[in-house]
Amino acid sequence: MEKFMIPPEFDLPQKGRSEEAVKRWRAAVGKLVKNRRRRFRYAADLEKRSEAKEQMKRLRENIRVCFVTFKAALRFMEVAGQGKFIPSEGSSVPVEQEVEPDYQNGLPEEAKRAGFQVHPDKLASIVSSYDIKTLRKLKGVEGLSDRLNVSLVKGVNTNDVPTRQNIFGQNSYTEKPSKSFWMFVWEALHDLTLIILIVCAVVSIAVGLATEGWPRGMYDGVGIIFSIFLVVMVTAVSDYKQSLQFKELDKEKKKIFVQVIRDGFRQKISIFDLVVGDIVHLSIGDQVPADGIFVSGYSLLIDQSSLTGESVPINIQEKRPFLLAGTKVQDGSGKMLVTTVGMRTEWGKLMETLSEGGEDETPLQVKLNGVATIIGKIGLVFAVATFSVLTVRFLIEKGLRNEITIWSSADALTLLNYFATAVTIIVVAVPEGLPLAVTLSLAFAMKKLMNDKALVRHLSACETMGSATTICTDKTGTLTTNHMVVSKTWICGTVKEVDSNESSKLSLASNISEKVLAVLLQSIFNNTGSEVVTDKDGKTSILGTPTESAILEYGLRLGGNFDEERRACEFLKVEPFNSEKKRMSVIVALPDGSKRGFCKGASEIILKMCDTVISSEGETVYLSEERASDLLDVINGFACEALRTLCLAFKDFDNDGSNEISVPESGYTLIAIVGIKDPVRPGVKEAVKSCLAAGITVRMITGDNINTAKAIARECGILTDDDLAIEGPEFRTKTPYEMSQIIPKLKVMARSSPTDKHVLVKISRSILREVVAVTGDGTNDAPALHEADIGFAMGIAGTEVAKESADVIVLDDNFATIVNVAKWGRSVYINIQKFVQFQLTVNIVALMINFIAACITGSAPLTAVQLLWVNLIMDTLGALALATEPPHDRLMERPPVGRTESFITRTMWRNIVGQSIYQLSLLLVLTFEGKQLLGLTGSDATAVLNTFIFNAFVFCQVFNEINSRDIEKINIFRGMFSNWIFSGIMFATVAFQIVIVEFLGTFASTVPLSWQLWALSVAIGAVGMPIAVVLKCIPVGKSKHNVDSEKQHDGYEPLPSGPDLA
């Protein structure tokens, strides 16, 4: 049945789908779409994507040409003996023989008054075209900063920001204007069937006025028009609110913050507040926020593949100073002067096109498009058959009365009503709401998740997370608080507890010499990627990673002065922390002219690089194997206490007068071992327990020592005695088959690299067929985040590169938030199943009752206006009621849905068929025997019966909607009254049904009913509830996908017994 309802063209993977596959499913939809504008509103615009690809090709070619020209110009200048590129401070500038062109040509008076001496367009072309020659004429970055009236040390004056935005533009990109509410009304009116019905209504009014006069002749036509108006307005309101939710979420996605220097102080601002002249700090994983010129930095490596397509990163330095917006910092750190922002950058122009391409449809949206297409085709057949049967019967009856040649306007009106009924059957039969219900449910979930600190970047991630079987999580900041402090130290053979309430310097001074303390402070303050900064109020704070901040804070408590230590030394070489090498190194020139290198990183790795250790008197002592073994015991002792361990070491170099020196791999002297405490987050243990109950395996992937990792994993409830913990170097030596054998028991991977994480995810997905969620925060985590079914980036500790590769950003870096996303993902999946079950039941009954009645009696019991109301109940209102149900804790007590599992389960078919049989049997009995059963007599007996059938049918749907709140459980009232959306829609549906029957009979072809018939209508609908209880007691077998796997089941628990049945 699944293959019939969802053809293979509509079964697409979440990731890695080809453009041909997308085109195939859209072609399979064919012409049977009532409203293409609405159905494909949130589908990817393939034409715009094609335009973006072409623009990308042109952009890449332009950049490539400019870059080649730039390298040629560099070579020419070097050969011509023009010397080095203008360095930063205090260097002489080669005198240019050419007359300097007027860079102020066309510059507005406002800009001249503000002290700017270069036109924005000219400035933009310098960077975008790699115009090294012009930059030299402007005397490099110093000359350019003078023309921009900005200090490279103090940065932009905050008071100048509005002026700079007026002259050079804002750092924002042109976006498609938001649609107004009336635009959604206009789109809703593009429904082909509604257009046909409007035409029918107009013709009906014209014919009615001619035959029955005013006002009676208008009733049928006006009734249809009013129903269409109601459908259009409710649809437009729903779609408009949904678009506002997406707009709000889109704003959140684009929130990126950068570190700049303004008013002489370092501060964090939004990239949208960035202006020309800002001095921006760049570090590993950052996205370059605007075009600019390199000011200073160390080992700055830029990945330009997003712009140029070239995978080889570019080393940025004084000779190669151009930085383009949209590129990524792969390694190193630096400062840049912003020269171009917003739409003047090539990235801005590209983003304008890319933003119009839209997002890929989610797998559920595509599947339900398939269901809608199949049901629509069935409905079309029934509509044509119904119209044909009614017309043939009408003609036969005229022939029997010998009136086949006699035609009146009344006959035309009858045929028109038949046609309107057939068209309305198509309106009901083609469930446009199915794929849109997915969007509605996802939008609702995304908004709620945003409030719960999870920003969903891709719609599909929210629904896929409901099927996750494995979560591969980082330790630091996700399972732990990321509020680190140095808790224990080993210095000069002595282990010390670091008490936060006393001065560490006093306790250390009695055991070590000032010489050791001086070396320790040099190591702490020079070998760091963080900074100690003072704000306008004089308050000192540390900017950097939690680990670095903990060590810097420890150094400050030892009495060290960050600025003094940094000024005393000149940096010769910097190697920032690297997740592969797991260390950071610097080489500096000391005040006495000697050179010293510092190294800091993973304790076992640094210890192996040391052959001496510093004594308490400051002398270097040989590190014997026995002593090294003792130090390993110290490291393991710290690790077993769940402390993150780091070693600090140094090495002195011979003074040969050369500044060209490489970072050594050995020969260091060990200074200290520090143990950093990072407590487990509150609530993590409960979240892990919830995952295990839900059939989700949690694996911890960390770069820490294996003993630290085990201790934290046990505290979180991830690792038990039967589970496996392994180190990355050991894991990567195994074959894919060996990996697949150990992964099911693997719970902890320590000393892992980003490559290990990527391999683990790949094997889990490809061989073990797991649905894998993975967390990441670093630049090198991007491949694993991209490979996983769902990638989670950390909002606080995560780099922009990681965030861009992720599907969900965890704004509070909390593991419990990830579990919450899984709960909402399951809720979305189950909610859509509820809606599909409800809508398919209405489809079957509405089609069959009209068709069978037309074949036997020659008339359809449900008129066009009534069917339009039913369509509104089951489409827009049904989606709002069922697709927005919030999650409950019981969702995390059932296993996840497998990759190959049917969406429309056997349980759902049982409920659909059972309810359809009851409703259809009842309505057919009423259609043919209703007058006798109800004792209806008189001239209005037929009108009363048809009204009663319509009323009973609507109440059957109302109670079936309540039944659909839980597909398996008997207690369908749990949480219903706390869900105001569901309760409100139920109340509104019943209230409007009363209005239609009692007060709008002229337009809806109804008559007022007695209270007894009202009570009977409600009772008939309510009988569906005990029938649902009986149906839920009928066992259904597992699908063939579940025979061999308990994990991949039909999405529900086995039917409970006893008290649990409720």
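A quick note: this is a predicted structure, and the numbers were derived from the prediction, not measured. (Residues numbered from 1 in each chain as written. Predicted model: local features only at pLDDT ≥ 70, side-chain atom pairs only at ≥ 80, totals over all residues. Heavy atoms only, no water.)

This part covers the overall build of the protein. Per the secondary structure count, the protein includes 38 helices and 26 strands. In the protein, which comprises 1062 residues, the proportion classed as buried is 55%. Within the protein, contacts between residues at least 6 apart in sequence are counted, and of these 74% link residues at least 24 apart. Of the roughly 44200 Å² that the protein leaves accessible, carbon and sulfur atoms contribute 56%. (Helix = DSSP H or I, 4+ residues; strand = E, 2+ residues; numbered from the N terminus. Buried < 20%, exposed > 50% of the residue type's maximum accessible area, 1.4 Å probe, protein only. Contact = heavy atoms within 4.5 Å. Areas by Shrake-Rupley, 256 points an atom, 1.4 Å probe, with all protein chains shown as cover.)

Another aspect to go through is helix α8 (residues 140-147). In terms of burial, α8 is a largely internal element, 7 of the 8 residues being buried. Those residues of α8 not exposed but buried are G140, V141, E142, G143, L144, S145 and R147. Against α6 (120-128), α7 (132-137), β4 (291-303) and β7 (328-340) lie the buried residues of α8. Once α8 ends, the next one or two residues include N149, with phi positive near 55°.

Attention now moves to the sheet that holds strand β22 (residues 724-727). One open sheet holds the 8 strands; their spatial order is β8-β26-β25-β24-β9-β21-β23-β22, and the pairing between them is mixed. The outermost strands of the open sheet, each flanked by one partner alone, are β8 (454-456) and β22. Averaged over neighbouring strand pairs, the angle between their axes works out to 20° when direction is ignored. Here strand β9 (residues 470-474) pairs with strand β24 (residues 772-776) via 3 bridges, running parallel. Note on β24: the bridge partner recorded for I471 is A773. (Pairing = 2+ DSSP bridges. Axes fitted to C-alpha atoms, helices over the stretch in contact; angles between N-to-C directions.)

Within the largest apolar cluster, 155 residues are counted, with the highest numbers of intra-cluster contacts made by L197, M465, I790, F792, F815, I832 and V836. Ranked by residue count, the leading element in this core is helix α32 (residues 815-857), at 18 residues. Filtering out sequence-adjacent residues up to four positions away, M465 remains in contact with I471, A773, I790, F792, I818, V821 and A822. In terms of nonpolar packing, the next biggest core, distinct from the first, is built from 59 residues, L59, L148, I302 and A325 among them. (Core = buried A, V, L, I, M, F, W, Y, C linked by side-chain atoms within 4.5 Å.)

A few words on the packing of aromatic side chains. Across all of its chains, the model carries 13 aromatic pairs by this definition. Aromatic side chains W869 and F992 sit 5.0 Å apart centroid to centroid with 50° between the ring planes, which places their arrangement in the tilted category. Here W869, found in helix α33 (residues 864-882), pairs with F992, found in helix α36 (residues 980-999); they are 123 residues apart in sequence, far enough to count as distant. Taking the relative accessible area as the measure of exposure, W869 reaches 7% and is therefore buried. Of the residues examined, F992 reaches a relative accessible area of 22% and is grouped as partly exposed. Grouped by ring-pair contacts, the aromatic residues F181, W182, F184 and Y240 constitute a single cluster. A cation sits over an aromatic face here: K179 above F184, 5.9 Å from the ring centre. Above the plane of the ring of F982 lies R965, whose end atom (NZ or CZ) is 5.4 Å from the centre. (Phe/Tyr/Trp six-rings, centres within 6.5 Å; stacked < 30°, edge-to-face > 60°. Lys NZ or Arg CZ within 6 Å of the ring centre and 35° of its normal.)

Take the UniProt feature "transmembrane region" (unreviewed entry) in the protein next. In the numbering used here, UniProt assigns the feature "transmembrane region" (unreviewed entry) to residues 192-211, 217-237, 374-396, 416-445, 840-860, 941-959, 980-1005 and 1011-1031. In residues 941-959, the share of helix is 100% and the share of strand is 0%. The end C-alpha atoms are 27 Å apart. (UniProt positions renumbered as here; feature names shortened; annotations may be inferred.)

Further remarks concern the environment of S238. Among the structural elements, S238 can be located in helix α12 (residues 219-253). For the pair S238 and F184, spaced 54 residues apart in sequence, the C-alpha separation works out to 9.4 Å.

Before going further, it helps to spend a moment on the pairing of strand β19 (residues 643-653). Of all 11 residues in β19, 9 are buried; the element is thus mostly enclosed. Across 8 bridges, the pairing between strand β16 (residues 595-602) and β19 is antiparallel. Note on β19: the bridge partner recorded for G601 is C647.

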